[in-house]
Amino acid sequence: KNFLGACTCDKWDPLDPVCNSDACRAGCPGSLVDNACGQHRCRTFYAQRYKDHTSYCGWLYEQKAQTYCWAMDEWRCVDEHCGYGGPDQTPGNCRSK
């Protein structure tokens, strides 16, 4: 994850480009984890990684490894939307309807 750089998002802000960087999504620090929308951004990042067979997460999944790709993947998204944006779900942009 660190090959994407350091995350400098100290307080979650859905509009701050720093908090929405791949570095923050990969590292998923407390500032993102402690917010449902921030956590969602991390999950969507890793959902894409699971689909990529050249990524570490994709390789683990392909091997049916019983291990974690990242700290919170006990709930793995079934698609890149991760339960947001559909009927009766939180909008994908994490704003109120």
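Rules of the game
- Residues numbered from 1 in each chain as written.
- Predicted model: local features only at pLDDT ≥ 70, side-chain atom pairs only at ≥ 80, totals over all residues.
- Heavy atoms only, no water.
- Disulfide = S-S within 2.5 Å.
- Helix = DSSP H or I, 4+ residues; strand = E, 2+ residues; numbered from the N terminus.
- Buried < 20%, exposed > 50% of the residue type's maximum accessible area, 1.4 Å probe, protein only.
- Contact = heavy atoms within 4.5 Å.
- Phe/Tyr/Trp six-rings, centres within 6.5 Å; stacked < 30°, edge-to-face > 60°.
- Polar contact = N/O pair within 3.5 Å; in protein donor to acceptor, adjacent residues only side chain to side chain.
- Core = buried A, V, L, I, M, F, W, Y, C linked by side-chain atoms within 4.5 Å.

A.B. asks: I'd like to hear about the state of the cysteines, residue by residue, with values.
C.D. replies: A complete count under the given rule lists four disulfides for this structure. The side chain of cysteine 28 participates in a disulfide bridge whose partner is cysteine 42; the two sulfur atoms lie 2.0 Å from each other. Between cysteine 28 and cysteine 42, the S-S torsion sits near 100 degrees, and that sign places the bridge as right-handed. Here the residue cysteine 28 occupies a position in the loop between α1 (22-27) and α2 (30-33), and cysteine 42 occupies one in helix α3 (residues 36-51), the gap between them amounting to 14 residues. Of the residues examined, cysteine 28 reaches a relative accessible area of 8% and is grouped as buried.

A.B. asks: Lay out the side chain of asparagine 20 in plain terms, naming residues and giving numbers.
C.D. replies: Tracing the backbone shows asparagine 20 in the segment before α1. By relative accessible area, asparagine 20 is classed as buried at 17%. With sequence-adjacent residues up to four places away left out, asparagine 20 is seen in contact with Trp12, Asp13, Pro14, Leu15, Arg25 and Arg41.

A.B. asks: So what about the packing of aromatic side chains? Which residues, and what values?
C.D. replies: The final tally for this structure, using the stated rule, is three aromatic pairs. On the numbers, 5.1 Å between centres and 80 degrees between planes, the contact of phenylalanine 45 with tyrosine 46 is edge-to-face. Looking at phenylalanine 45, the relative accessible area reads 4%, which means it is buried. Arranged with centres 5.8 Å apart and planes meeting at 80 degrees, the rings of tyrosine 50 and tyrosine 61 form a pair that is edge-to-face. Taken together, the positions of tyrosine 50 in helix α3 and tyrosine 61 in helix α4 (residues 56-62) put the pair 11 residues apart, joining distant regions of the chain.

A.B. asks: Lay out the environment of aspartate 13 in plain terms, naming residues and giving numbers.
C.D. replies: Residue placement: aspartate 13 occurs in the segment before α1. The spatial distance from the C-alpha of aspartate 13 to the C-alpha of serine 31 is 9.0 Å, given a sequence separation of 18 residues. Each residue touching aspartate 13, except ones within four places of it in the same chain, is listed here: Cys19 and Asn20. Among the polar contacts made by the side chain of aspartate 13, one reaches the main-chain amide nitrogen of leucine 15 at a distance of 2.9 Å.

A.B. asks: Any details on the nonpolar core? Residues and values, ideally.
C.D. replies: Counting 17 residues, the largest nonpolar core has Leu32, Tyr46, Cys69 and Trp70 as its most contacted members. Elements represented by at least two residues in this core include exactly α1, α3 and α4. The element that contributes the greatest number of residues to this core is α3, accounting for five residues. Residue contacts for leucine 32: discarding those within four places in its chain leaves Cys9, Trp12, Cys19, Cys24, Arg25, Gly38, Gln39 and Cys42.

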